[in-house]
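Residue-level listing of the chains:
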Amino acid sequence: TQLLEQSPQFLSIQEGENLTVYCNSSSVFSSLQWYRQEPGEGPVLLVTVVTGGEVKKLKRLTFQFGDARKDSSLHITAAQPGDTGLYLCRGDGGSQGNLIFGKGTKLSVKP
Amino acid sequence: DAGITQSPRHKVTETGTPVTLRCHQTENHRYMYWYRQDPGHGLRLIHYSYGVKDTDKGEVSDGYSVSRSKTEDFLLTLESATSSQTSVYFCAISEGPSIANYGYTFGSGTRLTVV
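What comes next is a walk through the structure. The structure presented is a predicted model; accordingly, all values stated were derived computationally and were not measured. (Residues numbered from 1 in each chain as written. Chains lettered and ligands numbered in written order. Predicted model: local features only at pLDDT ≥ 70, side-chain atom pairs only at ≥ 80, totals over all residues. Heavy atoms only, no water.)

1. As for the packing of aromatic side chains
Applying the stated criterion across every chain yields a total of 15 aromatic pairs over all chains. Their ring planes at 20 degrees and their centres at 6.4 Å tell us that Y31 of chain B and Y33 of chain B sit as a pair that is stacked. Given a relative accessible area of 9%, Y31 of chain B falls into the buried group. Judged by relative accessible area, Y33 of chain B falls into the buried class, the value being 1%. Each member of the aromatic cluster is reached from another via a ring pair, and the members are Y35 and F101 of chain A together with Y31, Y33, Y35, Y48, Y50, F90, Y104 and F106 of chain B. The ring of Y104 of chain B has R90 of chain A sitting right over it, with the charged end atom 3.6 Å from the ring centre. (Phe/Tyr/Trp six-rings, centres within 6.5 Å; stacked < 30°, edge-to-face > 60°. Buried < 20%, exposed > 50% of the residue type's maximum accessible area, 1.4 Å probe, protein only. Lys NZ or Arg CZ within 6 Å of the ring centre and 35° of its normal.)

Listed below in structure tokens is the structure:
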């Protein structure tokens with residue numbers, strides 16, 4: 001079974017700081033998604049990356065898919081309290097039963 | 001209106017009783033999924049459906065069964081609830097199986113406590 005390791009597990013920062021969270025695997029993924037989950041709600045899709053080396057921007061969020069398609073990062077610029085939540089990555093290892101989630105990074109942005 | 005709703009939102013049940021959770025969608029998506037989310041384990045796939053009466057097992061299917069008699073409804077049944085099944089259960093829908101082309105839309109979850 002392919003695994004997605006997310007780091008750090010927890011991150012607490014002040015408003016205005018920059019941060020990067022990571023999603024890594026020893027296996028190749030054909031595509032990868034990032035979700036954000038707020039307390040008491042289901043995850044919400046942020047982005048899908050498909051091509052190795054791909055970079056996508058969503059306002060203050062920058063997503064990158066590694067050249068070898070084994071890792072991905074999410075960078076947030078000038079974090080705001082509204083960015084607080086659990087960030088999850090989900091990878092496609094090539095079969096329906098191999099669509100897996102990482103355990104997530106829990107981000108807290110304090111005013 | 002939300003495209004996907006889960007019911008109930010909260011439930012407390014006793015060990016050994018059967019429990020059924022319901023997922024209802026108005027998006028006419030072909031694929032529906034049941035996940036459980038637990039601290040330290042993240043989201044784990046229980047069962048999924050790729051059409052009416054077409055279902056398959058996920059990573060943690062033991063003790064669970066599912067049914068899909070209509071496109072819009074996907075039911076998850078705990079045949080005899082155990083304390084290890086205390087969790088938050090999420091339903092998700094998708095137009096297709098490929099991450100490259102489709103994302104999940106999740107429901108708001110059902111918090112189940114087995115006492």
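2. Let's talk about the interface of chain A and chain B
Each side of the interface is counted separately: chain A has 21 residues, and chain B has 21 residues. Of the roughly 1600 Å² buried between chain A and chain B on both sides combined, carbon and sulfur atoms contribute 56%. Here chain A and chain B share 0 salt bridges between them. Where chain A touches chain B, the interface holds 8 residue pairs in polar contact (both at pLDDT 80 or more). Listing elements by their share of the side of chain A that touches chain B, those giving two or more residues are β4 (31–37), β5 (44–49), β9 (85–92) and β10 (99–101) of chain A. Looking at the side of chain A that touches chain B residue by residue, the class counts come to 9 nonpolar, 8 polar and 4 charged. (Contact = heavy atoms within 4.5 Å. Buried area = accessible area lost by both parts, 1.4 Å probe. Salt bridge = Lys/Arg side-chain N within 4 Å of Asp/Glu carboxyl O. Polar contact = N/O pair within 3.5 Å; in protein donor to acceptor, adjacent residues only side chain to side chain. Helix = DSSP H or I, 4+ residues; strand = E, 2+ residues; numbered from the N terminus. Nonpolar A, V, L, I, M, F, W, Y, C, P; charged D, E, K, R; others polar.)

3. Digging into the sheet that holds strand β8 (residues 71–76) of chain A
All names here are of chain A. Across the sheet, which stays open at both edges, the 5 strands sit in the order β1-β3-β8-β7-β6 with antiparallel pairing between neighbours. Two strands bound the open sheet, and with one partner strand each, they are β1 (5–7) and β6 (55–58). The average angle at which neighbouring strand axes cross in this sheet is 15 degrees, direction not considered. Of the pairings in the sheet, the one linking strand β7 (residues 61–65) to β8 comprises 5 bridges and is antiparallel in character. (Pairing = 2+ DSSP bridges. Axes fitted to C-alpha atoms, helices over the stretch in contact; angles between N-to-C directions.)

4. Notes on the state of the cysteines
All names here are of chain A. Following the criterion strictly, the structure yields 2 disulfides over all chains and no others. In this model C23 forms its disulfide with C89; the gap between the sulfur atoms is 2.0 Å. The chirality of the disulfide connecting C23 with C89 is right-handed, given an S-S dihedral of about 80 degrees. Remark: C89 occurs in strand β9 and C23 occurs in strand β3 (residues 19–24); sequence separation between them is 66 residues. (Disulfide = S-S within 2.5 Å.)

5. Notes on the pairing of strand β11 (residues 110–114) of chain B
All names here are of chain B. Across the two faces of β11 the burial differs, with T110, L112 and V114 buried and R111 and T113 not buried at all. The sheet contact formed by strand β2 (residues 10–13) and β11 spans 4 bridges and is parallel. Within β11, the residue paired with T13 across the bridge is V114. By the bridge criterion, 3 bridges tie strand β9 (residues 87–94) to β11 in an arrangement that is antiparallel. Across the sheet, V88 pairs through a bridge with R111, a residue of β11.

6. Considering the side chain of S31 of chain A
When you line up the elements, S31 of chain A lands in strand β4. Side-chain polar atoms of S31 of chain A contact the backbone nitrogen of A100 of chain B, separated by 3.4 Å. With residues near it in sequence (within four places) discarded, S31 of chain A still touches V49, V50, F65, R90, G91 and D92 of chain A together with I99 and A100 of chain B.

7. Concerning the sheet that holds strand β1 (residues 4–7) of chain B
Residues and elements named next belong to chain B. On the basis of which strands lie adjacent, the open sheet formed by 4 strands has the order β1-β3-β8-β7 and antiparallel pairing. Edge strands, defined here as strands with exactly one partner in the open sheet, are β1 and β7 (64–70). Across the sheet, the mean angle separating the axes of adjacent strands is 20 degrees when strand polarity is ignored. Across 5 bridges, β7 lies against strand β8 (residues 73–78) in antiparallel orientation. Opposite V66, over in β8, you have L76 as the bridge partner.

Structural measurements only, silent on function.
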